[in-house]
Amino acid sequence: MISLLSRLRPSSTPVKILLLCLLSYSAISLELNNEILTFIEKRFGKPAVERVQQWEKIANLKRALKPEHKLKLVNRFFNRADFISDQEHWGKEDYWATPLELLATNGGDCEDYSIAKYFTLREMGIAEEKMKITYVKAVKLNQAHMVLAYYPTPDAVPLILDNLINDIKIASERPDLVPVYSFNGEGLWLSKLRGQEGKRIGDSDKLKNWQDLLTRQHRLMK
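Keep in mind it's a predicted model, so treat the numbers as computed, not measured.

Trainee: I'm lost on the overall build of the protein in this one. Help?
Mentor: Looking only at helices and strands, the protein has eight helices and nine strands in total. When each of the 222 residues of the protein is scored for burial, the buried share is 50%. In the form shown here, the protein has an accessible surface area of approximately 11,400 Å², with 51% of it arising from carbon and sulfur atoms.

This is the structure:
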């Protein structure tokens, strides 16, 4: 793994190094070895290592917490990262980062927060069908935004995990968010008013950024 680093120029950006050498969503369930942690500390400093180690501990709390406690813990943990636009942070107009990229660099945008929360909660035992990464319009900001929606039951109004606020509220209490579409590893849906599940319109592989993210992770597992 680390041998790949020798092939990279010193000017390579942190994101290129991380996506090639370190990140997989399955890394949550693996013990992060000293080689990886040493590299993270050298490149990003000791605070980055501490964030990653805390993430690993949180992800392993599979049975120790009730679902609502897992949601609160994960939402607040990732919301500590600095909000940075894709262009400023990754040098791209639109880039969906992986959880380790977010933590090591301590920065990302709304997509990165939502993706990190989704994969971490899934590792913690929250069923995939209960979560949907949801694209919305943030009315007050007048711009596109992304959140994670959690459905306690299939017909429930979802709870919204949002990097804009630490409080988790039901979608009906978030009139500032207008849902557009949602997705997870199982499919892609148009969203009804206030985040309720709408018509399924296909598989999530229709989303190029989502597939690019999963492809990078898959290559690391070979």
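Trainee: Which parts of the structure should I look at to understand the confidence of the model for the protein?
Mentor: Low pLDDT means the predicted atomic positions in that stretch should not be read closely. On average, the protein scores 77 in pLDDT, and the residues at 70 or more come to 68%. By mean pLDDT, helix H1 (residues 14-21) is the weakest element of the protein at 38, and strand E5 (residues 159-162) is the strongest at 98. Low confidence marks residues 192-196, where pLDDT is under 50. Its contacts with residues over four positions away, or in another chain, come to 21 contacts. Throughout residues 200-205 the model reports pLDDT below 50, and contacts reaching past four residues in sequence, or to other chains, amount to 21 contacts.

Trainee: Any chance you could explain the packing of aromatic side chains here in plain terms?
Mentor: What the rule picks out here adds up to six aromatic pairs. Ring geometry for phenylalanine 77 against phenylalanine 78: centres 5.0 Å apart, planes inclined by 75 degrees, an arrangement best described as edge-to-face. Taking the centre distance of 5.4 Å and the plane angle of 50 degrees together, the rings of tryptophan 90 and tyrosine 95 count as tilted. Judged by its relative accessible area of 7%, tryptophan 90 is buried. Residue class for tyrosine 95 comes out buried when judged on its relative accessible area of 5%. An aromatic cluster is defined as three or more aromatic residues linked by ring pairs; in this entry it consists of Trp96, Tyr135, Tyr181 and Phe183.

Trainee: Which parts of the structure should I look at to understand the environment of glutamate 129?
Mentor: As for its placement among the helices and strands, glutamate 129 is situated in the loop between helix H7 (110-123) and strand E3 (131-138). Looking at glutamate 129, the relative accessible area reads 48%, which means it is partly exposed. Along the chain, glutamate 129 and threonine 153 lie 24 residues apart, while their C-alpha atoms are 9.6 Å from each other.

Trainee: How should the side chain of histidine 145 be read in this particular structure?
Mentor: Take histidine 145: it is sitting in strand E4 (residues 143-150). Overall, histidine 145 belongs to the buried group, its relative accessible area being 4%. A distance of 2.7 Å separates a polar atom in the side chain of histidine 145 from a polar atom in the side chain of aspartate 162. If near-sequence neighbours (up to four positions away) are discounted, histidine 145 is found in contact with Cys110, Thr134, Tyr135, Val136, Ala138, Asp162, Asn163, Leu164 and Leu177.

Trainee: Sorry, what's going on with the nonpolar core here?
Mentor: The nonpolar side chains of soluble globular proteins are, as a tendency, buried together. Counting residues in hydrophobic clusters, the biggest one holds 35 residues, and the most contacted among them are Ile40, Phe78 and Leu121. Those elements that place two or more of their residues in this core are helix H2 (34-44), helix H3 (46-59), helix H4 (67-79), helix H6 (99-105), H7, E3, E4 and strand E7 (177-184). Of the residues forming this core, the biggest block, seven residues, is contributed by H7. If you look at the next biggest cluster of nonpolar residues, it comprises eight residues, including Tyr151, Ile160, Ala171 and Leu177.

Trainee: When you look at the environment of phenylalanine 39 in this model, what are you seeing that I'm missing?
Mentor: By the element assignment, phenylalanine 39 lies in helix H2. Expressed as a C-alpha distance, the spacing of phenylalanine 39 and valine 49, which sit ten residues apart in the sequence, is 9.2 Å.

Trainee: Sorry, what's going on with H3 here?
Mentor: A turn of α-helix holds 3.6 residues, and therefore any two residues three or four places apart point the same way. Its 14 residues give H3 an end-to-end C-alpha distance of 20 Å, which sits within 8% of 20 Å, the value for a rise of 1.5 Å per residue. Turning to H3, its buried residues number three or more, namely Ala48, Val49, Arg51, Val52, Trp55, Glu56, Ile58 and Ala59. Check the buried side of H3 and you find it contacts H2, H4, H6 and H7.

Reading the values: the criteria
Residues numbered from 1 in each chain as written. Predicted model: local features only at pLDDT ≥ 70, side-chain atom pairs only at ≥ 80, totals over all residues. Heavy atoms only, no water. Helix = DSSP H or I, 4+ residues; strand = E, 2+ residues; numbered from the N terminus. Buried < 20%, exposed > 50% of the residue type's maximum accessible area, 1.4 Å probe, protein only. Areas by Shrake-Rupley, 256 points an atom, 1.4 Å probe, with all protein chains shown as cover. pLDDT = per-residue confidence, 0-100. Contact = heavy atoms within 4.5 Å. Phe/Tyr/Trp six-rings, centres within 6.5 Å; stacked < 30°, edge-to-face > 60°. Polar contact = N/O pair within 3.5 Å; in protein donor to acceptor, adjacent residues only side chain to side chain. Core = buried A, V, L, I, M, F, W, Y, C linked by side-chain atoms within 4.5 Å. Expected span 1.5 Å × (residues − 1).

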